[in-house]
Amino acid sequence: MVATVLSFVLHQLSTFLREEGRLLGGLQQEVQFIMDELGHMRAFLREAEAKEEGAQPRLQEWMKQVREAAYDTEDILDEYVARFARNRETGFYGSVRRIFSSIKNLGARHRVASEIQSIKSRIKSISEAHQRYQSEYGISAQASNSLSAVNNTTWRYSRDDALLVEEAKLVGIDQPKKHLISQLLQRDDYQLKVVSVVGMGGLGKTTLVKKVHEDPEVRRHFPVRAWVTVSQTCDFQYLLKDLIRQLHKEGKKPVPQSIESLNTTELKEFVKDFLQQAGRYAIVFDDVWDVEFWNTIKFALPESSYGNRVMLTTRKADVASASCIESRGLVYRVEPLSNEDSWTLFRNKVFDGGNCPGHLIDVAKGILDKCEGLPLAIIAISGLLASKDVNRTDEWEMVRRSLGGELEGTGKLDRVKKILSLSYSDLPWPLKTCLLYLSIYPEDYKIRCRRLVNLWIAERFVEWREGMSIEDVAWGYFSGLVNRSLIQVTSVFYEGIPGYCRMHDLLREIVISQSKEQNMVTITTGKPTRWPSEKVRRLIVHSSSSNNTQAQHHQLRQNYCFDHLRSIVTIGSPNPLLSRMLLSKVLRRSNLLKVLDLKGQKTQKEIPNEIFNLFHLKHLDLWGTSVERVPKGIGKLQHLEFLDLGNTGVRELPTEILKLQKLRVLKVYQQVDPSDDDYGYHGFKAPSNMGGLLALEILSCIDASSGSTIVKEIGKLTQLRELGITKLRREDGKELCSSLANLASLHKLNIYSIGKGDDHEIIDLDHHHPSLSSSSFLQSLHMLILQGRLEKMPQWVAHLHSLLRIDLNCSRLRSEEDPLESLQNLPNLGKISFYGSYLGEGLCFKTGGFLKLKWMKLKRMEGLRWMRVEEGALPRLHQLILEQLPLLDELPLGIQHLSHLQELYLYEMSSEMIDKVENQKESEDYRRIVHIPEIIIGFCADDGKWRKRQLWEGTKRNT
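Position numbers for residues start from 1 in each chain and track the written sequence from start to end. Residue-level local features of this predicted model are given only where pLDDT is at least 70; pairs of side-chain atoms are given and counted only at 80 or more, and the full residue set underlies all totals for whole chains, interfaces and linings. Side-chain metrics rest on all non-hydrogen atoms present in the structure, leaving aside hydrogens and water.

Peer 1: Could you give an account of the overall build of the protein, with specific residues and numbers?
Peer 2: Numbered from the N terminus, helices here are DSSP runs of H or I no shorter than four residues, and strands are runs of E no shorter than two. Secondary structure summary: the protein contains 30 helices and 31 strands in total. Throughout, exposure labels follow a simple rule: accessible area from a 1.4 Å probe, protein chains only, divided by the maximum for the residue type, with under 20% read as buried, over 50% as exposed, and the rest as partly exposed. By the burial criterion, 56% of the 959 residues in the protein qualify as buried. Two residues qualify as a contact provided that any one of their heavy atoms is within 4.5 Å of a heavy atom in the partner residue. Looking at the protein alone, contacts between residues at least 24 apart form 66% of all its contacts between residues at least 6 apart.

This is the structure we're talking about:
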């Protein structure tokens, strides 16, 4: 969407004028004129893009011109700053340097002024066309910034198609339908109850709710019923009048003519009065898009004692939860169809319930995999395939290969595209840009959420907000996309922190289509391909199986133009030669580069000196490379905000790092044992006055072995949100506590003492200082990792009310220092990992303790002989891992009380315990765990290799 690009560039230009405008001198007014003209066009573009589906080629070409003019303006200004902002010395010599530099650069200034004048002329010409299109398309210059209605009435009618699906052809609906009906009919008559059904577009929410709403038993219990379709751009007065008409029709009463003259408030009162007198009602609000709708409509719904019910469908999780809070209602998330149900629906539609011919099974399942259980997509693609010759495998193969292209066209899959695209269209422009950026990832790629968020920040998609860190804003964007069901979190790092995510394949095709249209990213694997004629601004390098280095070199020489390149990101493991050639050419030509991400490129052995000439570079990610040294030239990167040297060979940073006053993220570490996280990390030796990097928010991991000076410097970094410290000496513990008292925003703290393996020095953090009160010390901390011996648990740990996760490694606490005592009452603790942390013989989880704990791992506690879980302890525990506890020969007493336990892992446990679990099905141990759906046993086999086997899965147990 051009309006999205324009909003992004205007934001960048505005930031430029605010921060660097003084460098422009007399050109500032010219740039302001360009911005004003682009701003006038943006409102028109938002309206025009709503009609873009039928737009004429002339309008599309005009949109492209606007986009390129905006980008070119940004390029010219960045080049200007790179040339003229370098000399900022003060004093006499600084003045002399600036004078000589000004004389030397007079010609360059003249060229920049000429280029800005040229852009201004282009903008004037584009603006004249803008005036013509306004009248031609009937769109006012004062068009609203909100998304206009795209023929709302037509869309409302098209949604009715979902309600006409024959029940005989529905699959996978029986269990959800029964569950929802039971919720509606529960005898809790004291108040209105809301049931919200949430999920991505095309999952069948409307169809499911319609079947529930029309069920005979539901009709019998709720004589007054109505169905209201809301949609994105509803007319609230029209909606209320529609509701009144339906209610009167249900009651077989004439509709009062007076409603036509009522305002919104009066209409709400009318509805409320009617429902209070009507008795028991059930109303459905279908396709709700914002919380504000619910906050408005709820005042028209009386909370009588009749046990009234409201159901709503939505794509947004916040809408679903907000509507249910007051009524203690139910949020029901619709899941995709199972593989079995997907295949049944597919056969019903394509083969009228018959079998799929054997020669088509593989290709049919390949097509079905693309649908990922989305009923709308399965039905649409089935309709497309029904017209194909079942004897022509090649026709079916063509559909499988060209699904993305099919979505681009019209016909059978056009409705799928429209429904999935609605969620995209509803996004504010920053979230649109962030979603389009996901096109950089290959199909089925495991997307690391943190890397994605960091790249959004680096690409300047994230706007600063007063009182918030840029990372918090970015995570808010991520949550916004999850909330709208546009991306799905597939794993969680710890409570509330997403680990990995993905996007539905068909939605990904739409995102790729939009990204191509905007020339947002250019993707290469090094294979010969046809390149866009437009300028390459973001180059994404994917891994490739091609070894044809000659063809790749020719491809680079012939097709790449890097003059306007802003970022280069590698995904996976590209061909090493391709990576070297690319980097060499990029560094020679790309003066505007802001993002350089070479994550995981093992063949990268050093940081090329050319990198230090990249004046605009903000993001340098060398994680997992073979770099071992950071040259002094790093100090030239004055705009660098992100530097990741994790899992490299770097062990020390030069003092020039202190010149990077904008540095926000600094990661330099390496795992002690790459095969086992429990052994901790090596850190880096920092300059003694490290506290001068005042913008730092993430610092991991700093080597503290040099003494108290560096520990004291940490206390100056008051913006820190994450801190990792290695090789902490016992005598520096008190100084560290004093420093930590200054870090009010700290969310994550990792501390490793000096030592190897299990032989660690004592971590002494149990200090009290006048400034260290339990009500303020580290109250923002979410995650705490302590690796090293503890004589006793620091007293302040018991007061970390925001703590979500704690890891204690090699603590070797004595029996009188039971770690559970300090932790059991922490109100938000969700994850615990104890590795060699306790020398006592037993652990007791007491009633009322660990109320929110969901995950627990106990490993290598050699003296542990027994465990006991009292009734009422660990009520939410989902996963329990017991590993290398050689003296524990029976399962925890009271394990039967863990009613929510879903997974039990027994890794390298005693043979006595495993025998009791596996072989004695009538034993007490067996009966105590029969309620646990999944039990995994891990062991070292006779050949020395580690193995896992599953005792049972779900209800498939040998009982």
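Peer 1: Account for the packing of aromatic side chains, with residues named and values stated.
Peer 2: Only Phe, Tyr and Trp rings take part, Trp by its six-membered ring, and two of them pair if their centres are within 6.5 Å. Stacked means planes under 30 degrees apart, edge-to-face means over 60, and tilted covers everything else. In total, this model carries 15 aromatic pairs according to the counting rule given. When the centroid spacing of 5.5 Å and the interplanar angle of 75 degrees are considered together, the rings of Trp-475 and Phe-478 count as edge-to-face. Of this pair, Trp-475 and Phe-478 both sit in helix α22 (residues 470-483), 3 residues apart, which is roughly one turn of the helix. Classification of Trp-475 as buried rests on a relative accessible area of 17%. Here Tyr-681 and Tyr-752 contribute two aromatic rings whose centre-to-centre distance is 5.9 Å and whose plane-to-plane angle is 65 degrees, an arrangement assigned as edge-to-face. Taken as a pair, Tyr-681 in strand β16 (residues 681-682) and Tyr-752 in strand β19 (residues 748-753) lie far apart in primary sequence, 71 residues in all. Cation placement over rings: the criterion is NZ of Lys or CZ of Arg within 6 Å of the ring centroid and within 35° of the ring normal. Positioned above the aromatic ring of Trp-227 is the side chain of Lys-210, whose terminal nitrogen or guanidinium carbon lies 4.7 Å from the ring centre. The ring of Trp-343 carries Lys-365 above its face, with NZ or CZ at 5.2 Å from the centroid.

Peer 1: Mind laying out the environment of Gln-488, listing which residues take part and the relevant values?
Peer 2: Relative to the elements of secondary structure, Gln-488 occurs in strand β7 (residues 488-494). Through-space distance from the C-alpha of Gln-488 to that of Met-503 is 6.2 Å; in sequence the pair is 15 residues apart.

Peer 1: Just give me the short version of unusual backbone geometry, but keep the residues and values in it.
Peer 2: Following Ser-700, the chain continues into Cys-701 via a peptide bond in cis, with omega recorded as -5 degrees. The backbone of Arg-860 sits at a positive phi, close to 50 degrees, despite the residue not being glycine. One can find Arg-860 in the loop between β26 (855-859) and β27 (866-869). A positive phi angle, near 50 degrees, is found at Gln-884, a position not held by glycine. Position of Gln-884 relative to the elements: it lies in the loop between β28 (879-883) and β29 (903-907).

Peer 1: Summarise the environment of His-782; cite the residues concerned and give the values.
Peer 2: Locating His-782 in the fold gives a position in the loop between β21 (759-760) and β22 (783-787). Residues His-782 and Glu-722, 60 residues apart in the sequence, show an inter-C-alpha distance of 9.9 Å. Discounting chain neighbours no more than four positions away, the residues touching His-782 are Tyr-494, His-747, Ser-802, Leu-803, Leu-804 and Arg-805.

Peer 1: Tell me about the packing of helix α10 (residues 236-250) against helix α11 (residues 264-278), residues and numbers included.
Peer 2: Following both chains from N to C, one finds α10 and α11 inclined at 25 degrees, their axes separated by 10 Å at the closest point. Relative to α11, the element α10 is oriented roughly parallel. For the element pair α10 and α11, the recorded crossing hand is left-handed. Only Thr-264, Leu-267, Lys-268, Phe-270, Val-271, Phe-274 and Leu-275 of α11 make contact with α10, whose side of the interface consists of Phe-236, Gln-237, Leu-240, Lys-241, Leu-243, Ile-244, Leu-247 and His-248. All amino acids are sorted into three groups, where Ala, Val, Leu, Ile, Met, Phe, Trp, Tyr, Cys and Pro are nonpolar, Asp, Glu, Lys and Arg are charged, and the leftover types, Gly among them, are polar. Of the residues in the contact of α10 with α11, the class split is 10 nonpolar, 3 polar and 2 charged. Interaxial angle, 0 to 180 degrees, is taken between N-to-C directions of lines fitted to C-alpha atoms, where a helix line uses only the stretch in contact. Orientation categories follow fixed angle ranges, with anything under 35 degrees roughly parallel, anything over 145 roughly antiparallel, 65 to 115 roughly perpendicular, and all other angles oblique. Note: crossing handedness is left-handed where the near helix turns anticlockwise from the far helix by less than a right angle, and right-handed where it turns clockwise.

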